[in-house]
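Report on the structure
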Amino acid sequence: NSKNSVSASIRYRDFNNGTKSSILNDYNGTTLYDFNNNSESKTGGGSYDASLDYKRTFKTEGQELFFSLQQGSNKRNVDYDVERDSLTGDTYYMETSLNKSRNLENTIQLDYSHPVSKKLSIDVGGKAILRDVLSDYDYDIYDFSTETYYDDTLRSNVFDYSQDVIASYAQA
């Protein structure tokens, strides 16, 4: 009907990416240490944004109610491997890393306007933004003597962050 309006939207994105590289290192023409650095990385994930809005108008001009919900999410995994070889072809260093991350944000908003007279209106409302971010990354280094990878605790970490912002207003 003419007093109620609803709109909604959703958008989804998916992505994958990979790279391979090999570098021969020689420092400023003076050979300090030559090696081949071989790396491979893979990135994948997906994200979406969704929203829902509702607006209600009333018989009195300027009187309205507005409500909105929004959500955005982003998940990404980055995985890479590195091998360093001497110029004779012997591999002397290997590492692998995985970073799992996600970002989630929710927004809720409510506004109401009520005219009291032609010159005075009472407006009230509120808004909340809720954020959660997580990044869990591990670096593992290969031990050639045991032929296993071990966790590099100096470079591995978990970043977990939450932020809630809540506000309200009233004015006349």
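Just so we're clear, the structure is a prediction, and the values are computed from it rather than from any experiment. (Residues numbered from 1 in each chain as written. Predicted model: local features only at pLDDT ≥ 70, side-chain atom pairs only at ≥ 80, totals over all residues. Heavy atoms only, no water.)

1. Quick look at the overall build of the chain
Along its length, the chain carries zero helices and seven strands. Along the chain, helices and strands appear, N-terminal first, in the series β-β-β-β-β-β-β. Computed over the C-alpha atoms, the radius of gyration of the chain is 27 Å, more than 25% above the 16 Å expected from 2.2 N^0.38 for a compact globule of 172 residues. The C-alpha extent of the chain, read off along each of the three principal axes, is 85 × 35 × 30 Å. Taken across its 172 residues, the chain has 20% of its residues classed as buried. Residue pairs at least 24 apart in sequence account for 63% of intrachain contacts in the chain once pairs closer than 6 positions are excluded. Carbon and sulfur atoms make up 52% of the accessible area of the chain, which totals about 12,000 Å². Averaging the locations of the 18 positively and 27 negatively charged side chains of the chain gives two centres separated by 19 Å. (Helix = DSSP H or I, 4+ residues; strand = E, 2+ residues; numbered from the N terminus. Rg over C-alpha atoms; globule rule 2.2 N^0.38 Å. Buried < 20%, exposed > 50% of the residue type's maximum accessible area, 1.4 Å probe, protein only. Contact = heavy atoms within 4.5 Å. Areas by Shrake-Rupley, 256 points an atom, 1.4 Å probe, with all protein chains shown as cover. Lys, Arg positive; Asp, Glu negative; His and termini not counted. Charge placed at Lys NZ, Arg CZ, Asp CG, Glu CD.)

2. A word on the packing of aromatic side chains
Under the definition given, this model contains six aromatic pairs. Considering the side-chain rings of Tyr 142 and Phe 144, the 4.9 Å spacing of their centres and the 85° angle between planes classify their relative orientation as edge-to-face. With a centroid separation of 6.2 Å and 10° between ring planes, the pair formed by Phe 159 and Tyr 161 is classed as stacked. By relative accessible area, which is 44% here, Phe 159 ends up partly exposed. (Phe/Tyr/Trp six-rings, centres within 6.5 Å; stacked < 30°, edge-to-face > 60°.)

3. A word on the pattern of salt bridges
Scanning the model with the defined rule gives six salt bridges in all. Close ionic contact of Asp 49 with Arg 13 constitutes a salt bridge, the shortest N to O distance being 3.3 Å. Of this pair, Asp 49 sits in strand β2 (residues 35-57) while Arg 13 sits in strand β1 (residues 4-25), and the two are 36 residues apart along the sequence. Residue Asp 49 is classed as partly exposed on the basis of its relative accessible area of 28%. By sharing partners, the salt bridges in this structure join Arg 11, Arg 13 and Asp 49 into a single network. (Salt bridge = Lys/Arg side-chain N within 4 Å of Asp/Glu carboxyl O.)

4. A look at the pairing of strand β4 (residues 91-115)
In this sheet, β4 lies alongside strand β3 (residues 64-86) in antiparallel orientation, the contact comprising 22 bridges. Residue Leu 65 lies in a different strand from β4, and its bridge partner there is Tyr 112. From the end of β3 to the start of β4, which pair antiparallel, there are four residues, and Gly 89 there has a positive phi angle of about 95°. Two elements, β4 and strand β5 (residues 121-143), share 21 bridges in a ladder whose sense is antiparallel. Looking at the pairing, Glu 95 lines up with Ile 141 of β5. (Pairing = 2+ DSSP bridges.)

5. Details of the pairing of β3
The sheet contact formed by β2 and β3 spans 23 bridges and is antiparallel. When the sheet's bridge partners are listed, Asn 38 is paired in β3 with Glu 83. The hairpin turn running from β2 into β3, its antiparallel successor, is six residues long, and Gly 62 in that turn takes a positive phi close to 90°.

6. Quick look at unusual backbone geometry
Residues other than glycine seldom take positive phi values, yet Glu 147 does so here, at roughly 60°. When you line up the elements, Glu 147 lands in the loop between β5 and β6 (148-151). For Glu 147, a relative accessible area of 61% puts it in the exposed group.

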